[in-house]
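Below are the chains, spelled out letter by letter.
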Amino acid sequence: MAKILMKNIRGLVQVGENLPKIRKGKEMQELSILENAFLALEDGEVVGYGLMEDWEGITDWRDLEIVDADGCFVLPAFCDSHTHTVFAKTREEEFVDRIHGLTYEEIAMKGGGILNSARKLADMSEDELFENAQLRIEKIIACGTGAIEIKSGYGLSVESELKMLRVIKRLKENNKIAIKATFLGAHAFPAEFKENHRAYLDLIIHEMLPQIEKERLAEYIDVFCERNYYSVEEMEEVLQAGIKHGLTPKVHVNQFSAMGGVAKAIELGALSVDHLEEIATEDIEALQNSECMPVLLPGCSHFIGIPFGDSRRMITAGLPVALASDFNPGSTPNYNLFTVWSLACIKMKMTPEEAFNALTINAAYAMGLSETHGKIFLGSKSPIILTNEIPSLAYLPYSFGENNVKRIFNL
Ligand code: NIG
Ligand code: FE
């Protein structure tokens, strides 16, 4: 049996039994930390933790690796509840277009954006897509992410949407990291269906969803509810169909406009509503009366120059907030959740503690992993981060752009 004992840990963070499933409002400031602590793992399972002064010594030294964590923090790995990690090609030509003054929406209107990614993905084989995504997963893990949700949505045809979801299934089989799959066939309308939404909705409902259920290719269903994409009514129809096929809603909404999609998604049982760069009082009220997690994506706001989600307003209203990367080739070519942590503090005025809860406990909730991820507890086998020697927890978001992961356990 492989045994590891971490000793002299400067701060063992988000540790304890019966930690809450969600932290909201003022509780988002709370973190469960043991200072000057130890943590014992046996074959990756947490079998003991506590203060160094309470440590009773080692009875069995066989196969024991001792890690001196003096000056280091030990954290549960982050959960990334919103990514588009499977894609064919990067889109830096659109990045340059934005430098010259075009907006993300204008680029999409002239055939770029999601449709650009869909054209590129149609030409790539399943094997090549898988190999590229596998390399990305390895880099993502090295940045301290310990669970990841991945969406389809660059297929936009029966064949290519299934191809993407089969790639995600292979990623699940090939990796120890927990992966959740989301079907996002309703990410955009393909050009040939621009004037005939009905025909594409029928493809999603009658051809894609039955096959997805048959091959068990997804847990969640997503729709990009936005002007020039899917209306609230179209979102409702797609989500209803997904629910019939066993999928839980988790949607893109309010990126550029508040159209009533938040309340509708909540009414349909959405686990999370993501983006929310725009937010109306009705949206806040709908969230207050729900168990739905608002997920903010500061990397996207930063990269395409749109407003940051109003986390302060949400927290003041007593809501929880989760943070995710939105990693994708168009609006957010960055998967590093340390960067997201920094942006949340700098641009959204979240405290380091609030943002850490948003990246762990609340993020785990937003991807259905509350029981296992986002915290450290007896019996857990989830991924754990050992940081470099750092002066304080706040140093992690402060030192933006720096990777302070020294080692990851359980991946
Ligand atoms: O979450 N807004 C919709 N979807 C993605 C971006 C997709 C793309 O540009 O490729 C997002 O930002
Ligand atoms: Fe997204």
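Rules used in this analysis
- Residues numbered from 1 in each chain as written.
- Chains lettered and ligands numbered in written order.
- Predicted model: local features only at pLDDT ≥ 70, side-chain atom pairs only at ≥ 80, totals over all residues.
- Heavy atoms only, no water.
- Helix = DSSP H or I, 4+ residues; strand = E, 2+ residues; numbered from the N terminus.
- Buried < 20%, exposed > 50% of the residue type's maximum accessible area, 1.4 Å probe, protein only.
- Contact = heavy atoms within 4.5 Å.
- Areas by Shrake-Rupley, 256 points an atom, 1.4 Å probe, with all protein chains shown as cover.
- Pairing = 2+ DSSP bridges.
- Axes fitted to C-alpha atoms, helices over the stretch in contact; angles between N-to-C directions.
- Near = heavy atom within 4 Å.
- Polar contact = N/O pair within 3.5 Å; in protein donor to acceptor, adjacent residues only side chain to side chain.
- Core = buried A, V, L, I, M, F, W, Y, C linked by side-chain atoms within 4.5 Å.
- Domains from an automatic or database assignment.
- Donors = N, O, S within 2.8 Å, 3.2 Å for Na, K, Ca; no water.
- Buried area = accessible area lost by both parts, 1.4 Å probe.
- Nonpolar A, V, L, I, M, F, W, Y, C, P; charged D, E, K, R; others polar.
- Right-handed = clockwise from strand over helix to strand, strands pointing away.

A. The arrangement of the overall build of the chain in detail. A tally of regular secondary structure across the chain gives 15 helices and 15 strands. Looking at the 411 residues of the chain, the share that counts as buried comes to 60%. Partitioning the contacts of the chain with sequence separation of at least 6, the portion at a separation of at least 24 is 74%. In the structure as shown, the chain presents an accessible area of about 16,400 Å², 49% of it carried by carbon and sulfur atoms.

B. Representation of the sheet that holds strand β8 (residues 178–186) within the structure. Taken in spatial order, the eight strands line up as β6-β7-β8-β9-β10-β11-β12-β13 in an open sheet, and their pairing is parallel. Every other strand in the sheet has two partners, leaving β6 (78–80) and β13 (322–323) as the edge strands with one partner each. Pairing of strand β11 (residues 272–275) with strand β12 (residues 293–296) involves three bridges; the strand directions are parallel. Bridge assignment links Val273 to a residue of β12, and that residue is Pro294. The sheet contacts of helix α5 (residues 158–174) involve β7 (145–151) and β8, and relative to β8 the element is tilted by about 175°.

C. Structural context of the site of ligand 1. Around ligand 1, 16 residues are found, and the nearest of them are Arg91, Tyr104, Tyr154, Gln255 and Ser331. Take Gln255: an N or O atom from its side chain is 2.6 Å from a nitrogen atom of ligand 1. Taken by itself ligand 1 offers 330 Å² of open surface, and the protein chains cover 100% of this.

D. Broad picture of the nonpolar core. One finds Phe183, Val273, Leu323, Trp341 and Met350 to be the most contacted residues of the largest nonpolar core, which totals 117 residues. Top contributing element to this core by residue count: helix α6 (residues 197–214), with eight residues. When residues of this core are assigned to domains, at least three fall in each of domain 1 (3–77 + 375–409) and domain 2 (78–366). Not counting residues up to four positions away in its chain, the partners in contact with Val273 are Val251, Val253, Val262, Ala265, Leu287, Cys292, Met293, Pro294 and Val295. In terms of nonpolar packing, the next biggest core, distinct from the first, is built from 17 residues, Val15, Val46, Cys72 and Val74 among them.

E. Focus on the coordination of the iron ion (ligand 2). Bound to the iron ion (ligand 2) on the protein side are His82 (NE2), His84 (NE2), His252 (NE2) and Asp326 (OD), at distances that span 2.1 to 2.2 Å. Donor residues for the iron ion (ligand 2) sit on one chain with the sequence pattern H-x1-H-x167-H-x73-D. There is no split in this pair, since His82 and His84 are both buried.

F. Layout of helix α12 (residues 337–348). Of all the twelve residues making up α12, nine are buried; the element is thus mostly covered by neighbouring parts of the structure. Two or three places before Phe338, at the start of α12, stands the capping residue Asn336, its side-chain oxygen 2.8 Å from that residue's backbone nitrogen. Positive phi appears at Lys349, one or two residues downstream of α12, with a value of about 55°.

G. Structural detail: the domain arrangement of the chain. Here the chain is described as being made up of domain 1 (3–77 + 375–409) and domain 2 (78–366). The straight-line distance from the C-alpha centre of domain 1 to that of domain 2 is 30 Å. On the side of domain 2, 30 residues touch domain 1, which itself brings 27 residues to the contact. Across the domain 1 to domain 2 interface the summed buried area is about 2,400 Å²; carbon plus sulfur atoms make up 69%. Along the contact surface separating domain 1 from domain 2 lie twelve residue pairs in polar contact (both at pLDDT 80 or more). Counting only elements with at least two residues in the side of domain 1 that touches domain 2, the list comes to β5 (72–76), α15 (395–398) and β15 (405–409). Among the residues forming the side of domain 1 that touches domain 2, the class breakdown is 18 nonpolar, four polar and five charged.

H. Representation of the pairing of β11 in the model. In the sheet, strand β10 (residues 248–253) pairs with β11 via four bridges, with the strands oriented parallel. Bridge pairing links Lys250 to Ser272 in β11. Regarding topology, helix α8 (residues 261–267) serves as the crossover connection from β10 to the parallel β11, and that connection is right-handed. Taking the sense of rotation as the criterion, the β-α-β connection linking β11, helix α9 (residues 281–288) and β12 turns out right-handed.

I. Structural view of the environment of Lys26. Here Lys26 shows up in the loop between β1 (3–13) and β2 (33–42). In this structure, the C-alpha to C-alpha distance between Lys26 and Ala317, residues 291 residues apart in sequence, is 9.6 Å.

J. Structural detail: the environment of Glu106. Checked against the element boundaries, Glu106 lands in helix α2 (residues 104–109). Taking the relative accessible area as the measure of exposure, Glu106 reaches 41% and is therefore partly exposed. Separated by 113 residues in sequence, Glu106 and Glu219 have C-alpha atoms that sit 32 Å apart. Within the local environment of Glu106, its side chain forms a polar contact with the backbone nitrogen of Thr103, the two atoms lying 2.9 Å apart.

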